[in-house]
Amino acid sequence: MKIINTEIFMLLLTIGSFLLGTIIFKKTKISFFQPLVIALCIIIPFLLLTGIDFESYFEHTQPLNFMLGPSVVALGYVLYEQVSHLKGNILSMLAAIFTGCVVGIGSVVLLAKLFGADQVIVASLAPKSVTMPIALSLSDFYGGKPSLTAAFVAICGIFGSWLGPFFLRIIGIKSRIARGLAMGSASHALGTARAMEIGAVEGALGGLAIGIMGLLTALLMPFFKELF
Amino acid sequence: MIKGLFWIFLFYFLGELISLFIGGFMPGSIIGMILLFLSLLFKLLNPAQVKNTATTISKNMAVFFVPATVGLMTYFSLLKNNFWAIIVSIFVSTLLVMAVVAWIQQRFEFKNEIDTNDNQAIEQ
C-alpha cells in the first residue's frame, strides 16, 4: 500500500492512463473518448477503490500540475506564430472574437444563475470556452474550482466539435474563415481539431481563435467577476 | 530545450511578479504569456530561442490537466445537484458564441466583397 501512495507510482499511473487514453482515442476516433476522459475513468475508480484521497494524489502529482503555468506561457509563442502567419483582416476577426467572448462569458454566467446554480459552479463555468490551461488558471484565480472548470471546458469542447459544423451550416455560414473562427472560439482545441477535418483554412483560423479567445477572456474576466 | 525552458520559466516568473505588484488583477501565468507574445512580436526575443520547447509543451500539455481534473471526484454531489443548470448553460452558451463569431466575421467579409466589387466597377 505504501508503495502505491507515492509520487512515482501516482505519476506513472497518471501518465500511463493518459497514454492508454491517447491510444484508445486514436483507435476509436470517437470524440467523447478524449485521452483526458479515459485517464479519469481509470484514475478516479482506482483512488476510490484503494481509498487514497484526492489531496494526497494531487500532492504526489504536483510535478505535472506545476506545468500548467508554463503551458499557459508557452501559448504566447503559439499565438505569435499564428499572428505572424496571418493573412486577411485581423480587425474583423478581433471584433468577431471579442463579441463572442463577451457573449460567451455573459451568457453562461447569466443562464447558470437563472437556473439557480451554486456560486462556485457559476465562477467555474465562466471560462468554459477557453483553452484548458488558461481556463484552469482563470478559474482558480476568480473563485472557481479548476477541477470543475476542467470538466466544463471538456463538455464545451466535445459538444461544440460534435454539433458545430452542422449548426454553422443551418444558420447559413458559408465563409470558411468564419467557420474556423467560430469553432475555435466556442470549443477551443477540440473545435479546432474538428475544423481541421473540414479544411486547412478552417483549422488554421480555429487555432488563431483559441489564442485570441484566451487572451481576451483573461482581459475581460476582471470585469465579469462582479456577476458571479 | 533547456534554453527554451529557461525563457518560459523566466516569463512565468516575471508574470507572477507583475501580478503581485498590480494586486492580483490577473494570474501571473497569463501575464507571462502576454509578455512572451509581445517580446516576440516586437522582436525583443528571437523566436528560435523558445520555438522547440514551446511547441513541445503545447502539443503535449493535455497530460498536465489530469491531476486537476481528477479533483472532480470530490464534487460528485455538487455536480449532481447542478446537473441541468450546467448542461443547459454550456450548450446554449457554446452555440451562442459560435453563432455570434461566425455571423460577425461573415458580415465583414461580404461587406468587403461588395466594397471591392464597387471599387472595381468605378475603376472600369
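Owing to the predicted nature of the structure, the values given are computational and were not obtained by experimental measurement.

Draft legend 1. Inspection of the overall build of chain A at higher detail. Across its full length, chain A holds 11 helices and zero strands. Secondary structure of chain A in N-to-C order comes out as α-α-α-α-α-α-α-α-α-α-α. By the compact-globule yardstick of 17 Å for 228 residues, chain A fits well, its C-alpha radius of gyration being 18 Å. Relative to its full complement of 228 residues, chain A shows a buried share of 57%. Contacts spanning at least 24 positions in sequence make up 65% of the contacts within chain A whose residues lie at least 6 apart.

Draft legend 2. Spotlight on the overall build of chain B. Of regular secondary structure, chain B possesses six helices and zero strands. Helices and strands appear in chain B in the N-to-C order α-α-α-α-α-α. Its C-alpha atoms give chain B a radius of gyration of 22 Å, clearly above 14 Å, the size a compact globule of 124 residues would have. Scored against the burial criterion, the 124 residues of chain B give a buried share of 47%. In chain B, once contacts between residues fewer than 6 apart in sequence are set aside, the share between residues at least 24 apart is 40%. On chain B, roughly 7000 Å² of surface is accessible, and the fraction owed to carbon and sulfur atoms is 67%. Distance from the positive charge centre (7 side chains) to the negative charge centre (6 side chains) of chain B: 19 Å.

Draft legend 3. Highlighting the interface of chain A and chain B. Facing the 99 residues of chain A at the interface are 69 residues of chain B. Here chain A meets chain B over a buried area of about 7300 Å², counting both sides, of which 84% is carbon and sulfur. Summed over the shared surface of chain A and chain B, the number is 11 residue pairs in polar contact (both at pLDDT 80 or more). Counting residues per element, the side of chain A that touches chain B draws most heavily on helix H5 (residues 68–84) of chain A, which supplies 15 residues. By residue class, the composition of the side of chain A that touches chain B is 71 nonpolar, 23 polar and five charged.

Draft legend 4. Up close: the packing of aromatic side chains. In total, this model carries 13 aromatic pairs over all chains according to the counting rule given. On the numbers, 6.3 Å between centres and 45° between planes, the contact of Tyr-77 of chain A with Tyr-80 of chain A is tilted. Here Tyr-77 of chain A pairs with Tyr-80 of chain A, and both are found in helix H5, just three residues apart, close to one helical turn. On the accessibility criterion, Tyr-77 of chain A (3% relative accessible area) is buried. Pairing Phe-83 of chain B with Trp-84 of chain B gives two aromatic rings, centres 5.0 Å apart and planes at 85°, and the pair type is edge-to-face.

Draft legend 5. Examining the domain arrangement of chain B more closely. Annotation of chain B at the domain level lists domain 1 (1–65) and domain 2 (75–124). Here domain 1 of chain B and domain 2 of chain B have C-alpha centroids that lie 30 Å from each other.

Draft legend 6. Representation of the side chain of Thr-192 of chain A within the structure. Structurally, the position occupied by Thr-192 of chain A is in helix H10 (residues 176–198). Excluding anything up to four places from it in sequence, Thr-192 of chain A contacts Met-183, Gly-184, Gly-203, Gly-206, Gly-207 and Ile-210 of chain A.

Draft legend 7. Geometry of unusual backbone geometry. All names here are of chain A. Despite not being glycine, Lys-29 has its phi angle at roughly 55°, a positive value. Tracing the backbone shows Lys-29 in the loop between helix H1 (7–28) and helix H2 (35–50). By relative accessible area, which is 70% here, Lys-29 ends up exposed. Although it is not a glycine, His-188 sits at a positive phi angle of roughly 40°.

Draft legend 8. Highlighting the packing of H5 of chain A against helix H8 (residues 132–141) of chain A. All names here are of chain A. Where H5 contacts H8, the axes come no closer than 9 Å and their chain directions differ by 120°. On the basis of their axis angle, the class for H5 and H8 is oblique. Crossing of H5 against H8: the hand is left-handed. Only Pro-133, Ile-134, Leu-136 and Ser-137 of H8 make contact with H5, whose side of the interface consists of Leu-68, Ser-71, Val-72 and Leu-75. Taken together, the residues of the contact of H5 with H8 sort by class into six nonpolar, two polar and no charged.

Draft legend 9. Summary view of the packing of helix H9 (residues 146–170) of chain A against H10 of chain A. Residue and element names in this part refer to chain A. Two elements in contact, H9 and H10, have axes separated by 8 Å at closest approach and are oriented at 70°. Classified by the angle their axes make, H9 and H10 are roughly perpendicular. Contact with H9, carried on its side by Val-153, Ala-154, Cys-156, Gly-157, Ile-158, Gly-160, Ser-161, Gly-164, Pro-165 and Leu-168, involves Arg-179, Ala-182, Met-183, Ala-186, Ser-187, His-188, Leu-190, Gly-191, Arg-194 and Ile-198 of H10 and no other residues of that element. Its residues assigned to classes, the contact of H9 with H10 comprises 11 nonpolar, seven polar and two charged.

So, how was this worked out
Residues numbered from 1 in each chain as written. Chains lettered and ligands numbered in written order. Predicted model: local features only at pLDDT ≥ 70, side-chain atom pairs only at ≥ 80, totals over all residues. Heavy atoms only, no water. Helix = DSSP H or I, 4+ residues; strand = E, 2+ residues; numbered from the N terminus. Rg over C-alpha atoms; globule rule 2.2 N^0.38 Å. Buried < 20%, exposed > 50% of the residue type's maximum accessible area, 1.4 Å probe, protein only. Contact = heavy atoms within 4.5 Å. Areas by Shrake-Rupley, 256 points an atom, 1.4 Å probe, with all protein chains shown as cover. Lys, Arg positive; Asp, Glu negative; His and termini not counted. Charge placed at Lys NZ, Arg CZ, Asp CG, Glu CD. Buried area = accessible area lost by both parts, 1.4 Å probe. Polar contact = N/O pair within 3.5 Å; in protein donor to acceptor, adjacent residues only side chain to side chain. Nonpolar A, V, L, I, M, F, W, Y, C, P; charged D, E, K, R; others polar. Phe/Tyr/Trp six-rings, centres within 6.5 Å; stacked < 30°, edge-to-face > 60°. Domains from an automatic or database assignment. Axes fitted to C-alpha atoms, helices over the stretch in contact; angles between N-to-C directions. Parallel < 35°, antiparallel > 145°, perpendicular 65-115°, else oblique. Left-handed = near helix turned anticlockwise from the far one by under 90°.

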